[in-house]
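# Close look at the chain arrangement
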Amino acid sequence: MPATTRVTRRRGPLTALEGVEPALAIGDAAARHVRLTPDGLAPWLGESPAGFVPWGEVRLLVVEPPTTWWPHPVIGDSVGPLLEGLLSGGGSFVEGTETPTFPVRVATDGGGTEWGVTQHYLSGYRRAEARATTRLAEYLTDRPEARLLLARPAELLDRIATLIRVRPPTA
């Protein structure tokens, strides 16, 4: 990322990037990711943008982060390969595999495109965080006024974190 942009918070597949050009990144901001700004969205490879789609052209935004059943993905990334190695007779789950990606699909009047973004964890994300990311993409597509929230990505992530922690009352 340029020196004028810094990572301030991360929640699941979402990362708040603040500075001169604030954005909410989907995926690993140090690798392949998509940046959402009030003006539009753009795929990035590390510090380099690779295109731009203004919100006015976006008809559908679909984000499909993988999920894990582990209580925290770090556990899955640590224990999963050990279990895989034990169960497969010593082979390692991580050997020879590339860093996994997940799709971000954008449909416009002119067609559609799919960007693969790098995930933070091999095992996937917590279900609630993946679901919140998917719903946020839908919300931003359906409500142009909500895109102003992208100008303050850390505050937006704080709101999302609060909503994820809120549990409906049980009967």
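Our structure's up above, just so we're on the same page.
Residues numbered from 1 in each chain as written. Predicted model: local features only at pLDDT ≥ 70, side-chain atom pairs only at ≥ 80, totals over all residues. Heavy atoms only, no water.

## Things to note about the nonpolar core
Side chains that are nonpolar tend, in soluble globular proteins, to be buried together. By size, the foremost hydrophobic cluster in this structure holds 30 residues, and its most contacted members are L36, L41, W55, L61, V104 and I160. Of all the secondary-structure elements, those providing two or more residues to this core are β2 (14–19), β3 (23–27), β4 (32–36), β8 (58–63), β9 (101–108), β10 (111–118), α2 (127–142) and α3 (153–165). Of all the elements, α3 adds the most residues to this core, at 5 residues. Apart from residues lying up to four places away in sequence, L36 is in contact with A23, L24, I26, L41, W55, L61, L140 and L150. (Core = buried A, V, L, I, M, F, W, Y, C linked by side-chain atoms within 4.5 Å. Buried < 20%, exposed > 50% of the residue type's maximum accessible area, 1.4 Å probe, protein only. Helix = DSSP H or I, 4+ residues; strand = E, 2+ residues; numbered from the N terminus. Contact = heavy atoms within 4.5 Å.)

## What to know about the environment of L41
Assignment of secondary structure puts L41 in strand β5 (residues 40–45). You can call L41 buried: its relative accessible area is 0%. In this structure the C-alpha to C-alpha distance between L41 and W55, which are 14 residues apart in sequence, comes to 7.1 Å. Residue contacts for L41: discarding those within four places in its chain leaves V34, R35, L36, F52, V53, W55, V58, L61, V106 and W115.

## Things to note about the sheet that holds β9
Adjacent strands of a sheet pair through backbone hydrogen bonds, lying either parallel or antiparallel. Spatially, 3 strands are ordered β8-β9-β10 in an open sheet, and the strand pairing comes out antiparallel. Each edge of the sheet is formed by a strand with only one pairing partner; in this case those strands are β8 and β10. Neighbour-to-neighbour, the strand axes of this sheet turn through a mean angle of 15°, independent of strand direction. Of the pairings in the sheet, the one linking β9 to β10 comprises 8 bridges and is antiparallel in character. (Pairing = 2+ DSSP bridges. Axes fitted to C-alpha atoms, helices over the stretch in contact; angles between N-to-C directions.)

## Notes on α2
Between its terminal C-alpha atoms α2 stretches 23 Å, which fits the 22 Å expected from 16 residues at 1.5 Å a residue. Inspection of α2 places E129, A130, A132, T133, L136, A137, L140 and T141 among the buried residues, and these make up the whole buried set. (Expected span 1.5 Å × (residues − 1).)

## Digging into the packing of aromatic side chains
By the definition in use, this model includes 1 aromatic pair. The interplanar angle of 85° and the centroid separation of 6.1 Å between the aromatic rings of F102 and Y125 together place this pair among those described as edge-to-face. Pair noted here: F102 is in strand β9 and Y125 is in the loop between β10 and α2, with a separation of 23 residues, a long-range link. For F102, a relative accessible area of 2% puts it in the buried group. Here Y125 falls in the buried class, since its relative accessible area comes to 0%. Cation over ring: R35 sits above W44, and NZ or CZ is 3.5 Å from the ring centre. (Phe/Tyr/Trp six-rings, centres within 6.5 Å; stacked < 30°, edge-to-face > 60°. Lys NZ or Arg CZ within 6 Å of the ring centre and 35° of its normal.)

## Focus: the packing of α2 against α3
Two elements in contact, α2 and α3, have axes whose closest approach is 11 Å; the angle formed by their N-to-C orientations is 125°. One finds that α2 runs oblique with respect to α3. Crossing hand, α2 versus α3: right-handed. Of the residues in α3, those in contact with A128, E129, A132 and L136 of α2 are L156, I160 and I164. Its residues assigned to classes, the contact of α2 with α3 comprises 6 nonpolar, no polar and 1 charged. (Parallel < 35°, antiparallel > 145°, perpendicular 65-115°, else oblique. Left-handed = near helix turned anticlockwise from the far one by under 90°. Nonpolar A, V, L, I, M, F, W, Y, C, P; charged D, E, K, R; others polar.)

## Brief notes about the pattern of salt bridges
Here the structure, examined in full by the defined rule, presents 7 salt bridges. For D109, the salt bridge is made with R59, and the minimal N-O distance between the two is 3.0 Å. Of this pair, D109 sits in the loop between β9 and β10 while R59 is found in strand β8, placing the two residues 50 residues apart along the sequence. Sharing partners across several salt bridges, the network here consists of R11, R126 and E129. (Salt bridge = Lys/Arg side-chain N within 4 Å of Asp/Glu carboxyl O.)

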